[in-house]
Amino acid sequence: ELDETNGVLDVLVVGGGFAGLYQLDQLRSRGFSVKVVEAGDSLGGIWYWNCYPGARTDSTGQIYQYSREDLWKEWSYDELYPSWSGVRDYFAYVDGKLDLSRDIIFSTRVTSADFDGERNQWTVRTDTGRTLRARSVVICTGFGAKPYIPNIKGLNSFAAESHHTALWPQEGLDMAGKRVGIIGTGSSGVQVTQEAAADAEQITIFQRTPNLALPMRQQQLTGQLKEKLKEHLPERFAQRRRSFAGFDMDFIQKSVFEVSDEERADTYEQMWATGGFELWLANYQDILLDEHANRTMYDFWRNKVHQRVTDPVKAEKLAPKDPPHPFGTKRPSLEQNFYDVVNQENVDIVDVNEDPIERISPTGVQTRSGLREFDILVFATGFDANRGGITSIDIRGTNDQLLSHKWSERLDTFMGLATAGFPNLMFVYGPQSPAGFCNGPTCAEVQGEIVVDFLTHVRDGGYQRFETSEDAEQSWTAHVEEVFHMSLFPRAKSWYHGANIPGKPSQMLNYSGGLPSYFDHWEENVAAGYKAFTLS
Ligand code: NA7
């Protein structure tokens, strides 16, 4: 094995999800020596950790895979929107086809990485006591590697089962007959609620902000349908690279107000019937830019929810008259029967704005109105998104500078790919890249190609070292912020711009200019001789 005493890797990859495995396979095929260090005991990336009941993708399985023909031809998920275990099966399949595991160090977390400026190498240390050396490091920890749990008084006093959704017990947890408290109503909270509602005795949802969820329209896939869905896959893969968010759909090139009320209503109805993200990402082009355009969508959505939620008090909590934020400026989730199960008598919704959580006690959650007791308490409270996975590693660049320190006040990167002062280090799915808006496998490939091509260029040019410049990253930050402020996204307190973590400086962490524009910026850089980088 390669370690400090017997060798130097060309590239060390941190994280074995879609992004990291793409790096491993592609870099290896270009003759690089590569190892992946993965904290989980097996493959799956985000789906290794998020194995809570009901966890599933919000992308259809057809586009939630690599676009390589030798992989997709023989693969099908069993559901239109695959579950965590379906995605894990996919990873096992890919592992078998591409022989990946032999270069993956499992059950090992990278704790630090130090740049040695004399040798132009990184020294990487792990929680199992290993030391590895590599010419370059590519961090592929994803957007959600660092779960966030709010600092509620008495947090650790709860005596029964309590888990964050992204740290769910691998062996599972039976909710049948249990009293379940769920804090948070993002995608994870909605998914756990649907599952718990099947057989839990009692469910209490603690909601701070309603999720403006859209219908999933899940389908079980049979043999024939599976084959049919493969028919246009190459075109769909091509389309996902050209679309705003890496999905096989894109905005209608018209304003909401260019069409008649009837036409708009028909369009919304059709998209509602189709399900999935169409009403978010294939809607009229001004839906995320113009407040009045957005409101037409919110009102349509609210009306639909009120048709399903029979109790008017619950309906108003879930879909209030005034939008909590413009539609789609927080990531909507896809629901299957969320707005049906909330009708059950054993499902309560506590609006924590009206009835705040005061403390957690050994038996339950104390709000202003009283104590509610639980057997299972679920923290569906999200992530220190985009950057937490990176900054929780002690990464030390030139001048002994810690990356977490450099990014403590303001985060700068060039295209979410590299940051000044940290040579020979790249990110896939990094902060300020399209990550948060991107269908995962698309960005693993699109950004992944950029990184692989660039590392190849560096090697073939005989360079030992590459580093982006402060100028390049500052102009990228300015661009990311400019595009952000042209949209309605600043109007929601979301993880897109780090506003979900108290005390964290708010800054746009996800490039909202879309994949085509992202590509153009990279092409411009390449055409200008990689001007954003110094190579030596
Ligand atoms: P999200 O989408 O970040 O959701 C976290 C939820 O937790 C959200 O409803 C928060 O309310 C809620 N939250 C956070 N802190 C608190 C406190 N202190 N009290 C009450 N409620 C709280 O995480 P998910 O895991 O659901 O999904 C993450 C992404 O995974 C998702 O966007 C997809 O890309 C897949 P808030 O909205 O901040 O008021």
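Residues numbered from 1 in each chain as written. Predicted model: local features only at pLDDT ≥ 70, side-chain atom pairs only at ≥ 80, totals over all residues.

As for the UniProt feature "domain: FAD/NAD(P)-binding" (unreviewed entry) in the protein
Next up, step 1: The residues that UniProt annotates with the feature "domain: FAD/NAD(P)-binding" (unreviewed entry) are residues 10-232.
Next up, step 2: Taken end to end, residues 10-232 is 23% helix and 22% strand, and its two terminal C-alpha atoms sit 38 Å from one another. (UniProt positions renumbered as here; feature names shortened; annotations may be inferred. Helix = DSSP H or I, 4+ residues; strand = E, 2+ residues; numbered from the N terminus.)

Looking at the site of the ligand
Next up, step 1: The environment of the ligand is made up of 20 residues, and the closest members are P150, G184, G186, T209 and G382.
Next up, step 2: The class makeup of the residues in the shell around the ligand is 6 nonpolar, 12 polar and 2 charged. (Near = placed C-beta within 6 Å. Nonpolar A, V, L, I, M, F, W, Y, C, P; charged D, E, K, R; others polar.)

What about unusual backbone geometry?
Next up, step 1: With a phi angle near 50°, S107 is a residue other than glycine that sits in the positive phi range.
Next up, step 2: Within the secondary structure, S107 sits in the loop between strand 3 (104-105) and strand 4 (110-116).
Next up, step 3: In this structure S107 comes out as partly exposed when scored by C-beta crowding, with 13 C-beta atoms within 10 Å.
Next up, step 4: Within the chain, Y429 stands out as a residue other than glycine whose phi angle is a positive 65°.
Next up, step 5: Examined against the element boundaries, Y429 turns out to sit in the loop between strand 18 (425-427) and helix 15 (440-460).
Next up, step 6: With 27 C-beta atoms packed within 10 Å, Y429 lands in the buried category. (Buried ≥ 20, exposed ≤ 12 C-beta atoms within 10 Å, placed from the backbone.)

Topic: the pairing of strand 15 (residues 370-373)
Next up, step 1: Across 4 bridges, strand 14 (residues 364-367) lies against strand 15 in antiparallel orientation. By the bridge assignment for strand 15, Q366 is matched with L371.
Next up, step 2: The hairpin turn running from strand 14 into strand 15, its antiparallel successor, is 2 residues long. (Pairing = 2+ DSSP bridges.)

Let's talk about the sheet that holds strand 9 (residues 202-207)
Next up, step 1: Spatially, the 5 strands line up as an open sheet ordered 7-16-8-9-12, and their pairing is parallel. The sheet is open, and its two edges are formed by strand 7 (161-164) and strand 12 (347-351), each paired on a single side. Each strand of the sheet is rotated relative to its neighbour by a mean of 15°, with strand direction disregarded.
Next up, step 2: Sheet topology places strand 8 (residues 179-183) next to strand 16 (residues 376-379); 4 bridges connect them, and they run parallel. Residue pairing across strands places G181 opposite L377, the latter belonging to strand 16. (Axes fitted to C-alpha atoms, helices over the stretch in contact; angles between N-to-C directions.)

Structural notes on the environment of S408
Next up, step 1: Note on placement: S408 falls in the loop between helix 14 (403-406) and strand 18.
Next up, step 2: The class of S408 is exposed, set by 12 C-beta atoms lying within 10 Å.
Next up, step 3: A C-alpha to C-alpha distance of 8.0 Å links S408 and P505, two positions 97 residues apart in sequence.

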